[in-house]
Amino acid sequence: MEPDNDVALDIIITNVVCVFRTRCHLNLRKIALEGSNVIYKRDFGKVLMKLRKPKITASIWSSGKIICAGATSEEEAKLGARRLARCLQKLGFKVKFTEFKVVNVLAVCTMPFQIRLPEFTKSNRPLASYEPELHPAALYRIKDIKATLQVFSTGSITVTGKTISFSKRS
């Protein structure tokens, strides 16, 4: 590509997963009976609670550990987690919002060209691996920032990392 034709890639964050603790035991049956937008998964020992704004889904365990998924930014994930803690407080639990951390970020971008995966893998051999019998994408691991890129032949790239800044840097 010539320098005049450089195109900025749009990296779209599709999912942010975060974890927090409530520092109290949660009665899942009470949450299932009195909460709204709740699905009780008794065989898994958890409750799924969905929020509409921000649009997140939370897995709630009786130990007080809560995993939230579906946010599109770290700020939205924290806001959703706090809103979820507030919903639990309104149900009568003595919830304290602690140990919040973002554990996973998923981002996607599309290149304006196709990628030849066998050549890509050969030129990036220690970091890239491609097994077409197992998965249609080549995996490219960046160890220093702990991110994994799935590179598809169509030019679509999926970035999985620990934080948003790492996803944008890779």
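Definitions and limits used
Every chain's residues receive numbers from 1 upward, in the order its sequence appears when written. Owing to the predicted nature of the model, reporting of local features is limited to residues with pLDDT of at least 70; listing and counting of side-chain atom pairs is limited to 80 or more, with chain, interface and lining totals taken over all residues. Note that water and hydrogens are dropped before the side-chain values are worked out from all heavy atoms of the structure. Strand pairing is assigned whenever DSSP identifies at least 2 bridges connecting the two strands. The helix count covers DSSP runs of H or I at least four residues long, the strand count covers runs of E at least two residues long, and both are numbered beginning at the N terminus. In this scheme Phe, Tyr and Trp rings, the latter by its six-membered ring, pair at centre separations within 6.5 Å, and the angle between planes marks the pair as stacked below 30 degrees, edge-to-face above 60, and tilted otherwise. Per-residue accessibility, obtained with a 1.4 Å probe over protein chains only, is compared with the maximum for each type, and a residue is labelled buried under 20%, exposed over 50%, and partly exposed between these values. A positively charged side chain is recorded as over a ring if its NZ (Lys) or CZ (Arg) lies within 6 Å of the ring centre. The angle to the ring normal must also be within 35 degrees. An expected span of 1.5 Å times one less than the residue number is assigned to each helix. In this description, the arc belongs to the directions extending from the helix axis to the C-beta atoms. Contacts are residue-level and defined by heavy atoms, with any inter-residue pair within 4.5 Å sufficient. Each patch is built from residues lacking any salt bridge and having more than 30% relative accessible area; the joining distance is 9 Å for like charges and 5 Å for nonpolar side chains (Val, Leu, Ile, Met, Phe, Trp, Tyr). To measure how exposed things are, a 1.4 Å probe is used in the Shrake-Rupley method; for residues, cover is taken only from the protein chains shown. Any Lys or Arg side-chain nitrogen found within 4 Å of a carboxyl oxygen on Asp or Glu counts as a salt bridge. Only four residue types enter the tally: Lys and Arg on the positive side, Asp and Glu on the negative side; His and the chain ends are excluded. Here the site of a charge means NZ on Lys, CZ on Arg, CG on Asp, or CD on Glu.

Q: I'm lost on the pairing of strand β4 (residues 56-61) in this one. Help?
A: The side chains of a regular strand alternate, first on one face of the sheet and then on the other. Bridge count between strand β3 (residues 46-51) and β4: 6 bridges; the pairing is antiparallel. Bridge pairing links L48 to S59 in β4. Where β3 hands over to β4, the hairpin turn is made up of 4 residues, counted between the paired strands. For β4 and strand β5 (residues 65-71), the ladder comprises 4 bridges, and the chain directions are antiparallel. Residue pairing in the sheet places S59 in a bridge with I67 of β5.

Q: Looking at this structure, I do not really get the packing of aromatic side chains. What am I missing?
A: Any aromatic ring pair is given by two values, namely how distant the centres are and how the planes are angled relative to each other. One pass over the full model with this rule turns up 3 aromatic pairs. Ring centres of F20 and F97 lie 4.9 Å apart, and the angle between their planes is 40 degrees; this geometry places the pair in the tilted category. In this pair, F20 is assigned in strand β1 (residues 12-21) and F97 in the loop between α2 (74-90) and β6 (98-110), connecting sequence segments 77 residues apart. The exposure class of F20 is buried, given its relative accessible area of 0%. What makes F97 partly exposed here is its relative accessible area of 21%. Taken together, the ring pairs connect F20, F97 and F100 into an aromatic cluster. Positioned above the aromatic ring of F93 is the side chain of K30, whose terminal nitrogen or guanidinium carbon lies 5.3 Å from the ring centre.

Q: Which parts of the structure should I look at to understand the sheet that holds β1?
A: Whenever strands of a sheet pair, they do so through backbone hydrogen bonds, lying parallel or antiparallel. Pairing is antiparallel in the open sheet, where 10 strands are placed in the order β2-β3-β4-β5-β1-β6-β10-β9-β8-β7. Bordering the open sheet on either side are β2 (38-41) and β7 (128-129), each of which pairs with just one other strand. Pairing geometry for β7 and strand β8 (residues 138-142), over 2 bridges, is antiparallel. Bridged to A128 within β8 is Y140.

Q: Honestly, α2 in this entry has me stumped. Any pointers?
A: Residue pairs spaced three or four apart in an α-helix point in one direction, given the helix's 3.6 residues per turn. Taking 1.5 Å per residue as the helical rise, α2 with its 17 residues ought to reach 24 Å, and the 24 Å between its terminal C-alpha atoms agrees with that figure. Taken as a whole, α2 has its buried residues at A77, G80, A81, L84, A85 and L88. Along the axis of α2, the buried residues cluster in a sector spanning 140 degrees; they form a single face. Projecting away from the buried face of α2 at angles above 90 degrees are the exposed residues E75 and K90. Turning to α2, the residues buried within the fold contact β1, α1 (28-34), β3, β4, β5 and β6.

Q: Please explain a positive patch on the surface as it appears in this structure.
A: There is a patch of like positive charges on the surface, built from K65, K101, K146 and K162. Judged by its relative accessible area of 51%, K101 is exposed.

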